[in-house]
Amino acid sequence: MTILTQTCTPFEGQKPGTSGLRKKTRVYMQPGYVECFVQSIFNAIGGVAGKTLVIGGDGRYFNAEAIQTILRMASANGAALAIVGQGGLLSTPAASNLIRQRGADGGLILSASHNPGGIDQDFGVKFNAANGGPAPEKLTARMYEATTTITEYRIAEAADIDLGRIGETTLDDMRIRVVDPVESYQALMQRLFDFEAIRSLFAGGFTMCFDAMHAVTGPYATAILEGALGAPTGTVVNGTPLEDFGKGHPDPNPIWAKPLMDLMMGADAPDLGAASDGDGDRNMIVGRGAYVTPSDSLAILAANAHLAPAYAGGLAGIARSMPTSAAADRVAAKLGIAAYETPTGWKFFGNLLEAGKVTICGEESAGTGSDHVREKDGLWAVLLWLNILAARKQSVAEIVTRHWQEFGRDYYSRYDYEDVATDQATRLMDGLRDRLDGLAARRFAGLTVAGADEFSYLDPVDGSLSEGQGLRIAFEGGGRAVFRLSGTGTQGATLRLYLEQYSGTDGRTDLDPQEALAPVREAAQEISDMGAIIGRTEPDVVT
Ligand code: VG1
Ligand code: CO
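About the thresholds
Residues numbered from 1 in each chain as written. Chains lettered and ligands numbered in written order. Predicted model: local features only at pLDDT ≥ 70, side-chain atom pairs only at ≥ 80, totals over all residues. Heavy atoms only, no water. Helix = DSSP H or I, 4+ residues; strand = E, 2+ residues; numbered from the N terminus. Buried < 20%, exposed > 50% of the residue type's maximum accessible area, 1.4 Å probe, protein only. Polar contact = N/O pair within 3.5 Å; in protein donor to acceptor, adjacent residues only side chain to side chain. Near = heavy atom within 4 Å. Nonpolar A, V, L, I, M, F, W, Y, C, P; charged D, E, K, R; others polar. Phe/Tyr/Trp six-rings, centres within 6.5 Å; stacked < 30°, edge-to-face > 60°. Lys NZ or Arg CZ within 6 Å of the ring centre and 35° of its normal. Core = buried A, V, L, I, M, F, W, Y, C linked by side-chain atoms within 4.5 Å. Contact = heavy atoms within 4.5 Å. Pairing = 2+ DSSP bridges. Axes fitted to C-alpha atoms, helices over the stretch in contact; angles between N-to-C directions. Expected span 1.5 Å × (residues − 1). Arc of directions from axis to C-beta.

S.K.: Help me out: how do you make sense of the side chain of Ser 276 in this one?
M.R.: Inspection of the secondary structure assignment puts Ser 276 in strand 12 (residues 272–276). Judged by its relative accessible area of 0%, Ser 276 is buried. Side-chain polar atoms of Ser 276 contact the side chain of Thr 217, separated by 3.1 Å. A distance of 2.9 Å separates a polar atom in the side chain of Ser 276 from the backbone oxygen of Arg 282.

Rendered as structure tokens:
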């Protein structure tokens, strides 16, 4: 076998964002692009000689080619073992689990997650460390640094490896073990939840629709829901992973999962609707006629987790990303456990989970998870909901309403302004940042600003400081607006405006969220001067 050392020059902009390096697929398809990034990862982690890596992706366009390249490079760099999901498939939480279960040194996950797939859409690569979690900021900084100075990469000249068959083969001195992508993940779920109770729930006529959105969760959901739990065939829809996700956005929210939303709001709605994203780490939960916001879902899961065997002993603490609503904090306060507020992106939960400070984490963007892996986990959230529904014998709507009665309701909505000119987005953020200090006590659209700041996070475990994590404005009366630029987009800038209004424990909890949020929205738009700077106040996507 020949091992080549190829000289190369750095590509611009190989800087990991909120979750890995996402680019247009054609950017990734340039000769040497994957190679330079992957070699930079290897260099940043001190090489892979003698190491074990888990490799898999969400099955999108270019997944298969990129995996072959990575295998040839891992072998040429001296890796001992590559564990690969059959067909090159692994959901993000399943990859996290495999890294942990097999004691691997890390893993490469090929996915641009909720971004669409295809030759004219998006591709991505992320590295997870030996704890199974996304590379922390100091490591992604080292990777980026390595991409700017790279001069060569190592790759083996070899034929493609057949990833279709489970079993072991070799590529030069490296062993390649092709594994069932579902098996070990399913075993983990079976240990966490009361499968007997959920099986009885389905046997008793409980109905559900799980929309896999043509993405990687299909095989997992089919095996677990229809297989192990006995839900009727057809419970999982769009269950075969497609390279272009059926031309949709595999983003489980009321906009991109509209067919499921329509079903759930209609006369023939099943008891539970759920969906997951491209790489299987996000979830959407909808009851019959009742959409559950991800922030509420996190709070409700935390409040009821003790009903599932794995969490029967209670939770150590709850963490949420800063833009996520305060609903989870109210649950933590009631339970007498700690609540943590981190920057956006799962990598910030890793240290808290590792230190045993928190058990459950979540984000407003439909990510929830626990200490069972080091990633958010879409199907896990669905199974925890099922376990709770089986134990409480109430509908989703009833559970949500009772939660609001007890804790009050955090009305919540996120507005996304996509493909904003980068200079305009920067101008808006810079201008607002400059004005933050003078906002307190001023009135906008009838609301008084209680305080405003730029969020920064001091990690309580390793003491690292992450600055510039979003501009937040709190209003008197329980309102809040947050401005942040997305770190997962691949075109122009995406501006996110997060709106929140607390009802209080004796306020109304049955308002239309957009109506309840109107004052905060108007104040936020006025304070930021959005209409003048980006030329619009109407968002592209409201979730
Ligand atoms: C978005 C979400 C964030 C999430 C990230 C990765 O990031 O807001 O909460 O962790 O996507 O999710 P941003 O920077 O675009 O706001 V996934 O499922 O796309 O890996
Ligand atoms: Co995802």
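S.K.: Where do I start with the site of ligand 1 in this structure?
M.R.: Near ligand 1 lie 20 residues; those nearest to it are Thr 18, Ser 113, His 114, Thr 488 and Arg 496. Between ligand 1 and Ser 365, the relevant distance is 2.6 Å, taken from an oxygen atom to a side-chain nitrogen or oxygen of the residue. The class makeup of the residues in the shell around ligand 1 is no nonpolar, 10 polar and 10 charged.

S.K.: Hey, could you run me through the packing of aromatic side chains in this one?
M.R.: Geometrically, a pair of aromatic rings is defined through the distance of the ring centres and the angle of the planes. In the structure shown here, the tally under the stated rule is nine aromatic pairs. Here Phe 202 and Phe 206 contribute two aromatic rings whose centre-to-centre distance is 5.7 Å and whose plane-to-plane angle is 75°, an arrangement assigned as edge-to-face. What makes Phe 206 buried here is its relative accessible area of 12%. Each member of the aromatic cluster is reached from another via a ring pair, and the members are Phe 11, Tyr 28, Tyr 33, Phe 62 and Phe 123. Over the face of the ring belonging to Trp 404 we find Arg 409, whose NZ or CZ atom lies 3.9 Å from the ring centre.

S.K.: Teacher, can you tell me more about the nonpolar core here?
M.R.: Nonpolar side chains in soluble globular proteins generally cluster together in the buried interior. By size, the foremost hydrophobic cluster in this structure holds 73 residues, and its most contacted members are Met 189, Phe 193, Met 208, Phe 210, Trp 380, Trp 385 and Leu 386. The dominant element in this core, judged by the number of residues it contributes, is helix 13 (residues 378–392), at 11 residues. Discounting chain neighbours no more than four positions away, the residues touching Leu 386 are Ile 198, Leu 201, Phe 202, Phe 206, Met 208, Leu 225 and Leu 272. The next biggest cluster of nonpolar side chains, apart from the first, holds 44 residues, and it includes Ile 67, Leu 139, Tyr 153 and Ile 155.

S.K.: Just to check I follow, could you spell out the sheet that holds strand 3 (residues 52–57) for this structure?
M.R.: Picture the strands of a sheet paired through backbone hydrogen bonds; they go either parallel or antiparallel. An order of 2-6-5-3-4-9-8 is seen for the seven strands of this open sheet, with the pairing classed as mixed. Whereas interior strands pair on both sides, the edge strands pair on one side only; in this sheet they are strand 2 (21–24) and strand 8 (167–171). Each strand of the sheet is rotated relative to its neighbour by a mean of 20°, with strand direction disregarded. When strand 8 meets strand 9 (residues 174–179), the two strands line up antiparallel, connected through five bridges. Bridging from a neighbouring strand, Thr 169 pairs with Ile 176 of strand 9. Each of strand 3, strand 4 (81–89), strand 5 (106–110), strand 6 (122–128), strand 8 and strand 9 is contacted by helix 3 (residues 63–76), which is oriented at about 170° to strand 3, the strand it contacts most.

S.K.: Is there a simple way to explain helix 15 (residues 422–435) in this structure?
M.R.: Turn by turn, an α-helix covers 3.6 residues, leaving residues three or four places apart pointing in a common direction. If you check helix 15, its first and last C-alpha atoms are 20 Å apart, about what 14 residues at 1.5 Å a residue would give, namely 20 Å. Where helix 15 is concerned, the buried positions are Ala 425, Leu 428, Met 429 and Leu 432. Looking straight down helix 15, one finds its buried side chains confined to an arc of 90°; they lie on one side. Exposed and oriented more than 90 degrees from the buried face of helix 15 are Asp 423 and Asp 434.

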